[in-house]
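As a plain string of letters, each chain reads:
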Amino acid sequence: MQRAQERVEQRADGAALDALLVRAREQVEALAAATSALEETLPGRVEDAVRGQAAPVGRNLAEVRGLMNQLLRRLGALEEDLLTERNARVDDLAVLVDLVSSGWKGVDARLGRIEAVVNRLEQSQDTRGAIVYRMEDRRPDAASS
C-alpha cells in the first residue's frame, strides 16, 4: 500500500510538474509572441519618436546657420566700410599735413623777405649815420623782463 501511495504521490507530483511545464511553455510562447510583435513595431515607433524630436532641432539649427551667415556678411560689409573710412581719414590727414607744411613754407618765405627788407633798411640807415633805437630798448619795464 505504501508503495502504491508513493506511486500515486509521484504521479500526482508528476501531473503537477506536467501542468507547471505546460504553463511555462504557454508563458514562453506568449513571451515569444510579444517579443516578435515588439521586434516588428519598436523600430518604427522609435524612428517616429526620434524624427518628431529631431525635426524642430533641425529647423532651429538651419535658422541659426542662416542668421550666422547673415551676421558674417554684415561684418564683412562693416569691415570694408571701416577700411574705406580709415583710408579716407588717412588721405584727409595727408592733405592737412600738406596744407600746414605749405602754409609754414609760405610764412617762412615771407619772414625771410621781411628780414631781408629790415636788414637793407638797417644797413641803409647805418650809412647815413642815423641811430636806430628799438622800442623794447626804450621801455624801462622791457629791460627787466
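Rules behind the numbers
- Residues numbered from 1 in each chain as written.
- Predicted model: local features only at pLDDT ≥ 70, side-chain atom pairs only at ≥ 80, totals over all residues.
- Heavy atoms only, no water.
- Helix = DSSP H or I, 4+ residues; strand = E, 2+ residues; numbered from the N terminus.
- Areas by Shrake-Rupley, 256 points an atom, 1.4 Å probe, with all protein chains shown as cover.
- Patch = residues over 30% accessible without salt bridge, like charges linked within 9 Å, V, L, I, M, F, W, Y side chains within 5 Å.
- Salt bridge = Lys/Arg side-chain N within 4 Å of Asp/Glu carboxyl O.
- Buried < 20%, exposed > 50% of the residue type's maximum accessible area, 1.4 Å probe, protein only.
- pLDDT = per-residue confidence, 0-100.

**A few points about the overall build of the protein**
(1) Moving on: Each helix and strand counted, the protein has three helices and zero strands in total.
(2) Moving on: By element, 59% of the accessible surface of the protein is carried by carbon and sulfur atoms, the whole surface being about 13600 Å².

**Regarding a nonpolar patch on the surface**
(1) Moving on: On the surface, Leu 93, Leu 96, Val 97, Val 100, Trp 104, Val 107, Leu 111, Ile 114 and Val 118 cluster together to form a nonpolar patch covering roughly 840 Å² of accessible area.
(2) Moving on: Tracing the chain through its elements places Val 107 in helix 1 (residues 2-128).
(3) Moving on: Here Val 107 falls in the partly exposed class, since its relative accessible area comes to 37%.

**Considerations on the pattern of salt bridges**
Side chains that carry opposite charge are capable of pairing whenever their charged atoms lie near each other.
(1) Moving on: Enumeration according to the criterion identifies four salt bridges in this entry.
(2) Moving on: One salt bridge in this structure joins Arg 89 and Asp 92, with 2.7 Å as the shortest N-O distance. Within this pair, Arg 89 and its partner Asp 92 are both found in helix 1, separated by three residues, close to a single helical turn.
(3) Moving on: Arg 89 sits in the partly exposed class, given a relative accessible area of 44%.

**Some points on the confidence of the model for the protein**
(1) Moving on: Mean pLDDT over the protein: 85, with 85% of residues reaching 70 or higher.
(2) Moving on: Mean pLDDT values for the elements of the protein range from 57 in helix 3 (residues 140-144) up to 87 in helix 1.

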